[in-house]
Amino acid sequence: MNPQAKLIFISSLLLGTTIVISSNHWITAWAGLEINTLAILPLISKSHHPRAIEAATKYFLTQATASALLLFSSMTNAWHTGQWDITQMTHPTSCLILTSALAMKLGLVPFHFWFPEVLQGSPLITGLLLSTAMKLPPITLLYMTAQSLNPTVLTGMAILSAALGGWMGLNQTQVRKILAFSSISHLGWMAIILVYNPKLTLLNFYLYALMTAAIFLTLNSTNTTKLSTLMTSWTKAPALSAMLMLTLLSLAGLPPLTGFLPKWLIIQELTKQEMTPAATIIALLSLLGLFFYLRLAYCATITLPPHSTNHMKQWHTNKPIPSSIAILTVLSTTLLPLSPMISPTI
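Residues numbered from 1 in each chain as written. Predicted model: local features only at pLDDT ≥ 70, side-chain atom pairs only at ≥ 80, totals over all residues. Heavy atoms only, no water.

## A word on helix α5 (residues 114-121)
In terms of burial, α5 is a largely internal element, 7 of the 8 residues being buried. Taken as a whole, α5 has its buried residues at Trp114, Phe115, Pro116, Val118, Leu119, Gln120 and Gly121. (Buried < 20%, exposed > 50% of the residue type's maximum accessible area, 1.4 Å probe, protein only. Helix = DSSP H or I, 4+ residues; strand = E, 2+ residues; numbered from the N terminus.)

## So, the side chain of Asn36
Residue position: Asn36 is located in helix α2 (residues 26-44). Setting aside anything within four residues of it in sequence, one finds Asn36 in contact with Ser12, Leu13, Gly16, Thr17, Met134 and Pro137. (Contact = heavy atoms within 4.5 Å.)

## Details of the domain arrangement of the protein
In terms of domains, the protein is made up of domain 1 (1-123) and domain 2 (150-307 + 320-345). With centres defined by C-alpha atoms, the gap from domain 1 to domain 2 works out at 24 Å. At the junction of the two partners, domain 1 supplies 17 residues and domain 2 supplies 19 residues. Summing the contributions of domain 1 and of domain 2, the shared interface buries around 1,500 Å²; its carbon and sulfur component is 75%. Ranking the residues of domain 1 by area buried against domain 2 places Leu108, Val109 and Gln120 at the top, with a combined share of 38%. (Domains from an automatic or database assignment. Buried area = accessible area lost by both parts, 1.4 Å probe.)

## Concerning the pattern of salt bridges
Taken as a whole and assessed by the stated rule, the structure comprises 3 salt bridges. Close ionic contact of Glu117 with Lys58 constitutes a salt bridge, the shortest N to O distance being 3.8 Å. Separated by 59 residues along the polypeptide, Glu117 in helix α5 and Lys58 in helix α3 (residues 50-81) bring together distant segments of the chain. Residue classification places Lys58 among the partly exposed residues on the basis of a relative accessible area of 29%. For Glu117, the salt bridge goes to Lys177, with nearest N and O atoms at 3.6 Å. Here Lys177 lies in helix α9 (residues 175-193) and Glu117 lies in helix α5, a separation of 60 residues in the sequence. Relative accessible area serves as the criterion here: at 17%, Lys177 is assigned to the buried category. Among the ionic contacts, a cluster of salt bridges with common partners joins Glu54, Lys58, Glu117 and Lys177. (Salt bridge = Lys/Arg side-chain N within 4 Å of Asp/Glu carboxyl O.)

## What about the environment of Asn2?
Along the chain, Asn2 falls in the segment before α1 (3-22). In this structure Asn2 comes out as partly exposed when scored by relative accessible area, which is 43%. Within the structure, the side chain of Asn2 is placed 3.1 Å from the backbone nitrogen of Gln4, a separation counted as a polar contact. (Polar contact = N/O pair within 3.5 Å; in protein donor to acceptor, adjacent residues only side chain to side chain.)

Below you can see the structure in the form of structure tokens.
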């Protein structure tokens, strides 16, 4: 892709995200979301492969539908209350339509079907943008309207997302699809706590973005897109594979690592809100995700491929690991001791 064109698309992404985050009026938020959608489409379809074109088409159709629903919900609210302010979303029907529109934007169950397909058809770096940066504007809108949303609907969607994200990731061999289902399952954790403590949703999103960025950049540097290539990537960069294992376990939420922090705080808050059954169910459902993270970690570091013939090994490269990957990986594994500093502010 032409560097000037790429610069324009990345600048548009930043502009769209900034407009959504800083807006008070529904029309400006909608305009920011549209700028974001149009800016990411060329980045998805830049390889001109039929799968990439299909992914871009699916992405465009779902995001256009979600934007139309968002506009419809804000207009319905303005019709009944005379308010275009984002924080003044008070009409119950508008709130339900808004929840479904933002769930479609994010890929929450039952509007999740587009996300694994789009991620599978995109390059790894575009996949990283879709999993992290493109989710920030809808999550910001959810954060701003949190007090108006229906907790029962959000809890139901959250538990379904955690269940389906874990369940459907079990049988995958493509790394990008596994990470897509992992994203759906993490969105469930963010949605369940949104009404009760929106700051925790944001904390969960930031830490999820940090860990996902470390994983996507690692996979990009070893050029890995499926489990069979992940099995031989350790010969290319052994230290990177070892750190990838730790980052994957952190994303799964195992205790000594960063990923345990948001899960711990969310379960604690749910228990305070007397939602112990929901906390128990979502904690048990995260075990499904743990299975495929362990499978990825196992493939990345421990196994040789089970073939009787000699499998082609990749050349060991002496290229230094990029500093961005090193910093993100360290943060993805060592932030748990900061929890006493975070807990009082949430």
